[in-house]
Amino acid sequence: WLKRTWGRPIAWPHARVRTAGGLPFCSLAVGSAAPLAAPFDAGGGSHMTGASNMKLAEAVSMSHARAGLEGDGVSSHLFDLLWKKDLLSSLTVSLRIPDTVLYKFCAPSCWYFTSVDGSIKRKTKAKLTSEHILQEFQKKASASGIVAYYVSDVASSSGSVSDFDNQGARTTVEYLDLDGLKDFLFNRREKTDGILQKFIHPKGDSNNMLRALWSPKVTLLERKVNRRRINDIRYDLYERAATFEGPDFHSEAQPVRGSALMQNIHDIADSMVEHVALVTNGSIQMSRLALNFKTDHKDRLWLLFASSVRLQDELTRSGALDKASREELARQGLANTPLEMDGLHLPDYVRKTHSVSRRPAKLQKSFECPTCKEKVEEDGVFEVAYKVLIEYEEIRAKKDALTLGSASAQDTAVVSSQTSTSMSQFGELPVPEVLQVLHPRLTPLEYARYRHDVMFLQKEACICETCYVEYSTPQLGERCFQNRSRLRLDVQGEEDDEAPDIAGRNILGTQDLNPDRLRARRCFTSDRIVADKEADHLIWDAQAARMAKLRRIQSCPKLSTLDYTPGPRLWPPAPGL
C-alpha cells in the first residue's frame, strides 16, 4: 500500500512491536518519515477478533452471492461468477454469451461479452455509457429490426422485489428495436434491476428458444418456435419474437431430435457448476438449473440467462419454508424446491392478442393518456379540443353544486359569488382539473387571459377512448348528460330519492327501433351485391372468350392475327381476268 501511495520502493530499516496501554500495535520507521502506528493483531484475543471479523466478512459476502444467484428470476450474479478465474489453475469457462449489460440502481454496472478465444470478458467502467452501449448494439444488427431485449424482475401486486427475496415478483422480457433502445438508454429514468442483452438472430425463419432443466444426472430440453417470420416487419415485434414468455398462441413447441445437442448443453451446464464451485472455494454448489439457450443462423449455441437456480443446501438454509414443508420435500426424496417452469412473462403494456386474416394487430400500448394515465395502443387515441374539455368541467361543476342540499347550495352560491367577484377583480379564474393535468404550470391568471382565445380553445389534446366518451358526453345534449350521471349513481349503488324510476327515463339509445329503415338498407345492399356479381361474370366471360380466340389464332401461325371486330367485313376486290 505504501509503495502504491508514494510511488517508490520502500526500505525498512527497523521494525519493532510495542504495547501501549495494553493494546498491541506496530511501529515502523520508513526512512526519515515519522513512525506509523497501527493496530497489530499479534496473538491473544486480538488475533481471535480479527479472525472472527474475517469470517464474518466472508459469510456476509457469501450471503450476498447466494442472494444474487439462488431463487427464481433472472440470475445476474451468475455472469460475475462465470467471468471470475480460478486462483489456483487460472482457468475460465468457455461458452458463448451475447453482449450483456447488468443494470443496478437504474444505471449500468457491468458489461460481459464473449472474446475471440471463447472466454467471458468484462469491459472497463469507462465503456459503461449509454452512447457506447448504443454504438456497440447497433453493430451487425439483426434484419428483423430487433436490437436488444431487457430481462428484469418486476414487482407483482402481492409483493416487492428485493435483493434477498424475489418472491412475489415475475420476470419480464421486453424487446427493443432501435427507437426503443434509444428511449430506454436516454429517456427512461426508472429502470428495474435486470440485464440488457443484444438480440441474436435465430436459426431459420422464426425466432426460437431452448429451455434446459439441468440436474447432475439428467437434463430435459424444450424448444419453442414463434409462428411468425422474424423478418416480417408488418407484424408487431412481440408477435414475431415471443416464445416462452408470451401466450401459447404466439409460438408452438417442437421436439428436439438427436443426442448431440442434449449432450452439448449438459456438458456446458456441468462446466458452469464446476467453475462456480472452484471460484467460490466450494461455498456455492449448484444442484438444479433452468437455463435458456438459443441457436443462431450459424448453428452456434448461445447461453442467454438462467431463470431459476437451486443450491445443494437450500432446505437447510431456507427461511421461506416451514419445517413441515421441508419434511414433506425430504419424504418425497427431493433435495430442493421445484424449478420455476413458467417464470417468464411479457410486460403489462403488451396486449394478449394476435393478428387475424392478414391484418397486423398493435400489441404494444405505447401511448399514455394524459388525463387518466392509462396506457393504450396508438390506434386507440382520439383528438378533442380544449373547448370541449372546458365545457365538460364547467357543466360538471354546476351539476356538483346542484346535488347539494338547498341550504348548503345557498351557502355555496354565496361563497362562489364572493369568490368569483374577488377573482374577477383580479382577472383570475380557477383552472379546470383536466387542464391542470395537461399543463401543470398554467396559472389562474394565464387561464383567465386565454379562456376566450380562439387559438387556445381550438387546441387539441390526444386522449384515450374512455376519456373521449366521458368528455364528449355534454356535446350530445343535456338530457344525455343527466341520464349518464344518474346511471353512474345506480351502478355505484347510491340512492337518489328525487330521481325518477329508470323504467320511465328517456335514455338516449333506448328508443323504439325502426325496422323499415333497416329492411330498406338490407334490400339495397343485396341488390348491389347481385349487380356486382353479374358485372364480374360478364367481365370473366369476355376475358375467357378473348383468351380462347388468342389460343385458336396461335395454334396455326399461317392464319391472320388481325383482331376481327363485329360489323360489316370489307373484302378486297376480286382480280379481273
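The structure we're discussing is the one just above.
Residues numbered from 1 in each chain as written. Predicted model: local features only at pLDDT ≥ 70, side-chain atom pairs only at ≥ 80, totals over all residues. Heavy atoms only, no water.

1. Here's the deal with the overall build of the chain
Thinking step 1. Within the chain, the secondary structure is distributed over 17 helices and 20 strands.
Thinking step 2. A burial count over the chain gives 34% of its 577 residues as buried.
Thinking step 3. For the chain, the proportion of contacts with a sequence separation of at least 24, taken over those separated by at least 6, is 61%.
Thinking step 4. As displayed, the chain has an accessible area near 37,000 Å², and 54% of this comes from carbon and sulfur atoms. (Helix = DSSP H or I, 4+ residues; strand = E, 2+ residues; numbered from the N terminus. Buried < 20%, exposed > 50% of the residue type's maximum accessible area, 1.4 Å probe, protein only. Contact = heavy atoms within 4.5 Å. Areas by Shrake-Rupley, 256 points an atom, 1.4 Å probe, with all protein chains shown as cover.)

2. Let's talk about the sheet that holds strand β4 (residues 71–72)
Thinking step 1. A sheet is described by the order of its strands in space; here 6 strands give the open sequence β4-β15-β14-β11-β12-β13, paired in antiparallel fashion. Both outer strands of the open sheet, β4 and β13 (251–254), are each paired with one neighbouring strand and no more.
Thinking step 2. Two strands pair when backbone bridges link them, and strand β11 (residues 208–214) and strand β14 (residues 286–295) are joined in this way by 5 bridges, in the antiparallel orientation. Counterpart to Arg211 in the pairing with β14 is Asn292.
Thinking step 3. Strand contacts of helix α7 (residues 260–279): β11, β12 (219–226), β14 and β15 (301–311), with the helix running at about 130° to β14, the strand carrying the most contacts. (Pairing = 2+ DSSP bridges. Axes fitted to C-alpha atoms, helices over the stretch in contact; angles between N-to-C directions.)

3. A short note on the nonpolar core
Thinking step 1. Residues Tyr175, Met286 and Phe293 are the most contacted members of the largest nonpolar core, which totals 54 residues.
Thinking step 2. Looking at this core element by element, the count peaks at 7 residues for β15.
Thinking step 3. Judged by nonpolar contacts, the second largest core, of 21 residues, contains Ile390, Tyr392, Leu442 and Phe456. (Core = buried A, V, L, I, M, F, W, Y, C linked by side-chain atoms within 4.5 Å.)

4. Some remarks on empty space enclosed by the protein
Thinking step 1. All chains considered together, the criterion is met by 3 cavities of 30 Å³ or more.
Thinking step 2. In this structure, the largest cavity encloses a volume near 70 Å³.
Thinking step 3. For the largest cavity, the full set of lining residues is Tyr149, Val173, Tyr175, Phe199, Asn207, Asn208, Met209, Thr243, Lys294 and Leu304.
Thinking step 4. Mapped by element, the contributors of at least two residues to the lining of the largest cavity are β9 (169–177) and β11.
Thinking step 5. Residue classes in the lining of the largest cavity are distributed as 6 nonpolar, 3 polar and 1 charged. (1 Å grid on protein atoms, 1.4 Å probe; cavity = no way out; pocket = protein on both sides within 12 Å on 5 of 7 lines; lining within 4 Å. Points joined across faces, edges and corners; volume = space filled by probe spheres on them. Nonpolar A, V, L, I, M, F, W, Y, C, P; charged D, E, K, R; others polar.)

5. Examining helix α15 (residues 465–472)
Thinking step 1. Turning to α15, its buried residues number three or more, namely Cys467, Tyr471 and Ser472. For α15, the arc enclosing every buried residue in end-on projection is 120°, short of the 170-degree limit, so these residues lie on one face.
Thinking step 2. Those residues of α15 hidden inside the fold are in contact with α10 (386–402), α12 (433–438) and β20 (460–464). (Arc of directions from axis to C-beta.)

6. Regarding the side chain of Ser142
Thinking step 1. For Ser142, the location among the structural elements is in the loop between α4 (130–138) and β8 (146–155).
Thinking step 2. What makes Ser142 buried here is its relative accessible area of 13%.
Thinking step 3. At 2.6 Å, the side chain of Ser142 and the side chain of His201 are in polar contact.
Thinking step 4. Leave out the neighbours within four places in its chain, and Ser142 touches Phe199 and His201. (Polar contact = N/O pair within 3.5 Å; in protein donor to acceptor, adjacent residues only side chain to side chain.)

7. Brief notes about the packing of aromatic side chains
Thinking step 1. In total, this model carries 13 aromatic pairs according to the counting rule given.
Thinking step 2. With a centroid separation of 5.3 Å and an interplanar angle of 70°, the aromatic rings of Tyr386 and Phe456 are classed as edge-to-face. Of this pair, Tyr386 sits in helix α10 while Phe456 sits in helix α14 (residues 454–457), and the two are 70 residues apart along the sequence.
Thinking step 3. Look at Tyr386 and you get buried, because its relative accessible area is 3%.
Thinking step 4. An aromatic cluster of three or more residues is present, and its members are Tyr149, Tyr175, Tyr238 and Tyr349.
Thinking step 5. We note Lys123 situated over the ring of Trp111; from NZ or CZ to the ring centre the distance is 4.1 Å.
Thinking step 6. Taking the ring centre of Phe113 as reference, the NZ or CZ of Lys123 above it sits at 5.4 Å. (Phe/Tyr/Trp six-rings, centres within 6.5 Å; stacked < 30°, edge-to-face > 60°. Lys NZ or Arg CZ within 6 Å of the ring centre and 35° of its normal.)

8. Focus on the packing of α10 against α15
Thinking step 1. Between α10 and α15, the least distance of the axes is 9 Å, while the angle of their chain directions is 65°. Across from Val388, Leu389, Tyr392 and Glu393 in α10, the residues of α15 making contact are Glu470, Tyr471 and Ser472.
Thinking step 2. Residues that form the contact of α10 with α15 fall into these classes: 4 nonpolar, 1 polar and 2 charged.

9. A short note on the pattern of salt bridges
Thinking step 1. Under the definition given, this model contains 18 salt bridges.
Thinking step 2. With a closest N to O distance of 3.6 Å, Arg227 and Glu252 form a salt bridge. Separated by 25 residues along the polypeptide, Arg227 in the loop between β12 and α6 (237–241) and Glu252 in strand β13 bring together distant segments of the chain.
Thinking step 3. Arg519 is the partner of Asp516 in a salt bridge, and the nearest nitrogen-oxygen pair spans 2.7 Å. With Asp516 and Arg519 both in helix α17 (residues 515–555), this residue pair falls 3 residues apart, about one helical turn.
Thinking step 4. Judged by its relative accessible area of 39%, Arg519 is partly exposed.
Thinking step 5. Counted as one network, the salt bridges with shared partners bring together Asp80, Lys84 and Arg122. (Salt bridge = Lys/Arg side-chain N within 4 Å of Asp/Glu carboxyl O.)

10. Side note on the side chain of Lys123
Thinking step 1. Here Lys123 lies in the loop between β7 (120–122) and α4.
Thinking step 2. For the buried Lys123, no salt bridge is present, and the opposite-charge side chain at shortest range is Glu136, 4.1 Å distant.
Thinking step 3. Excluding residues within four positions of it along the chain, Lys123 makes contact with Trp111, Phe113, His132 and Glu136. (Lys, Arg positive; Asp, Glu negative; His and termini not counted.)

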